[in-house]
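Geometric and topological summary
Listed here are the chains, written in short residue letters.
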Amino acid sequence: MGDTNAEVPQPPIITWATRLRDTEPQLPKSGQAQSTFYRNLEEVLDVRRSSGSYYSIVQNAWQVSDAVDFCSGDILSLGRSDVRRAEFLAELARCPDFSTGSGGVRLMDGNYTYLEQAEQEIASFHGAEAGLLVGSAFEANVAVWTAVPRLGDVVVYDSLVHASTHEGIKQSLAIEKFEFPHNDVEGFRRVLAEVFESQGLVRQGKRSVLVAVESIYSMDGDVCPLQDLVDVAYEVSNGYGNIQFVVDEAHSVGVIGPKGAGLVCELGLQEEIAIVVHSYGKALGATGAIILGNKVIKGALANFAKSVIYTTSPSFPFVAAIKSGYTLLKSGHTEEAQERIQNLARLFFELITSHPAWPIAKEKGLLRVPLVDGWEERPFLSHIIPILTRPKYTYWLYFHLLAQSFSVFPVEHPVVPLGQGRLRVIMHSSNNEEQVRRFVKEIFSWVGEMLDIENKVTSNAVSHAANNVYAWMRRENLTGYGLP
């Protein structure tokens, strides 16, 4: 007999094989042996598995192979850089007697001079009066929304704000919450008008409206029309100043703005925005986040944010990793990386829109790149680029790109709305033009294959890469991901 592995191809990357195996329902195999507690958990996990939305904690393709990284959050490629590592070690060396622990909660024994100095330096860099470092951007957003809104205040939020913002808003004291259509300035105006009409205390200037937006939206990659929203808020508030913004800059710090200071600084709106959240697990090559505002905001967080009050403060190594990242930003070291990302994004859009197959791919719904529209007129481009196809083809395109050693990430419901699954592509400063050219070439190679299938030029019913994966899945008795 021949080699079975040669006859039935394996998935191109072993971590993807792990993801596929993890989608196999578990209750039929383990239901009898498990207690009620674990069986009930397994039951809801099986619902996720059957819908194709189950997530496994595994390394990604670029981490275990030579696949090109078009998916990680290490946007400036600092996390794996010798310069970044050296600056962190130098920061540690400047304070050789540092403590490895935090010493306690911030309001008791966890405060220390180095932490206070780092917060003030970061705040000054972003043009803010004060800052508060916390463990993560999720923690930061929950802290803001549970501490700042007061009874009678109203929350207005963009429909695509992050899950952490939704979680914080859900726990806030604000009873009235209004959603406005994503990045829709006139929709925002209509919602504010509704708020002022229905909420007497807001109309009288006795209560406030807090607006939640993001500078760059994580799954759509589009940039908030922040200046326009601020202008509308000023018009509607009749001079009371009771419409204030909270801007989550998780995806813009280090990437846009002067020396990577973010969208608020790029637009010169430091005096107009009440609260800004910056996070460090992406471009800065660290972890954690900071909440920026004035001293009143910091006082509110220290007194009303349970996630600040009842947790240990950031340790010295944690803060040093952040502070050393800012040393590189302030020195201008990352400006070349910022520009390289812009150049790669421009090249991607040029190659996509100039390809002979782009019109037919777009017309037939085989390829949709929402950020293509108007890209040449934008002052700067996002590093996050979603690529959509027909819902049943999302994983076929993903399989094709993975087989060609490109690591992107497929995103499906419930992370994005049902039927709006996409491949999330992220440009990094460590990527190069040749990689982008090959990437676009392979996208259109897949488009050509799909056109042949749909036009009956070939007898194949699925794409070549998908067929290979499905053959392996059948051998493993797996289902899902479009398997016929």
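To be clear, the structure that these remarks concern was listed above.
First things first, this report covers the structure right here in the doc. Residues take numbers from 1 onward in each chain, read along the sequence in its written order. Per-residue local features are limited, in this predicted model, to residues with pLDDT of at least 70; the limit for side-chain atom pairs, both in listing and counting, is 80 or more; totals at the level of whole chains, interfaces and linings are taken over all residues. Side-chain measures here rest on the full set of heavy atoms in the structure, leaving out hydrogens and waters.

Across its full length, the chain holds 21 helices and 12 strands. By the compact-globule yardstick of 23 Å for 484 residues, the chain fits well, its C-alpha radius of gyration being 24 Å. The principal-axis extents of the C-alpha atoms in the chain amount to approximately 75 × 55 × 55 Å. Note on contacts: a residue pair qualifies if any of its non-hydrogen atoms lie within 4.5 Å across the two residues. Considering only residue pairs separated by 6 or more positions, the chain has 71% of its internal contacts joining residues 24 or more positions apart. Method for areas: the Shrake-Rupley scheme with a 1.4 Å probe, in which residue coverage is limited to the protein chains shown. Working note: accessible area of the chain is about 21,700 Å², and carbon and sulfur atoms make up 51% of it. Per the convention used, a helix needs a DSSP run of H or I reaching at least four residues, while a strand needs a run of E reaching at least two, with both numbered from the N terminus. In this treatment the radius of gyration is a C-alpha quantity, and the globule benchmark scales as 2.2 Å times the residue count to the 0.38 power.

The next point concerns the pairing of strand E2 (residues 130-134). The element E2 is largely enclosed, with a buried count of 5 among its 5 residues. Burial of the side chains of E2 extends over both faces: Ala130, Leu132 and Val134 are buried on one face and Gly131 and Leu133 on the other. As paired strands, E2 and strand E8 (residues 289-293) are joined by 5 bridges and run antiparallel to one another. Within the sheet, the bridge partner assigned to Leu133 lies in E8 and is Ile290. Three labels apply to residues, based on accessible area from a 1.4 Å probe with only protein chains included: buried if under 20% of the type maximum, exposed if over 50%, partly exposed otherwise in between. Pairing between two strands requires that DSSP report at least two bridges joining them.

Below, the discussion takes up the pairing of strand E12 (residues 422-426). By the criterion of burial, E12 is predominantly enclosed, with 5 of the 5 residues buried. The alternating pattern of E12 places Arg422, Arg424 and Ile426 and Leu423 and Val425 on opposite faces, both of which are buried. Both strand E9 (residues 384-387) and E12 contribute to a ladder of 4 bridges, which runs antiparallel. Within E12, the position partnered with Ile385 by the bridge is Val425. Examined bridge by bridge, strand E11 (residues 409-411) and E12 share 3 bridges and lie antiparallel to one another. Each residue of the ladder has a partner; that of Val411, found in E12, is Arg422.

This part covers helix H20 (residues 433-454). Taking 1.5 Å of rise per residue, 22 residues should cover 32 Å, and H20 covers 32 Å from first to last C-alpha, within 8% of that figure. For this analysis, a polar contact is any N or O atom pair within 3.5 Å, provided that within protein one partner can donate a hydrogen and the other can accept it, and provided that sequence-adjacent residues contribute only side-chain to side-chain pairs. With a side-chain oxygen positioned 3.2 Å from the backbone nitrogen of Glu434, the residue opening H20 is Asn432. Directly beyond the C-terminal end of H20, a positive phi value near 65 degrees is found at Lys456. By this rule, a helix spans an expected 1.5 Å times one less than how many residues it contains.

Take the nonpolar core next. Ranked by size, the top nonpolar core spans 152 residues in total, and within it Val156, Leu226, Phe245 and Phe348 carry the most contacts. In terms of residue count, H20 provides more of this core than any other element does, 10 residues in total. Note on terminology: a nonpolar core comprises buried Ala, Val, Leu, Ile, Met, Phe, Trp, Tyr and Cys residues joined through side-chain atoms within 4.5 Å.

What counts as a salt bridge is simple: a side-chain nitrogen of Lys or Arg found within 4 Å of a carboxyl oxygen of Asp or Glu. Tallying each qualifying case throughout the model produces 22 salt bridges. Residues Glu339 and Arg346 are paired through a salt bridge, measuring 3.5 Å at the closest nitrogen-oxygen approach. The exposure class assigned to Glu339 is partly exposed, which follows from its relative accessible area of 40%. Judged by its relative accessible area of 29%, Arg346 falls in the partly exposed class.

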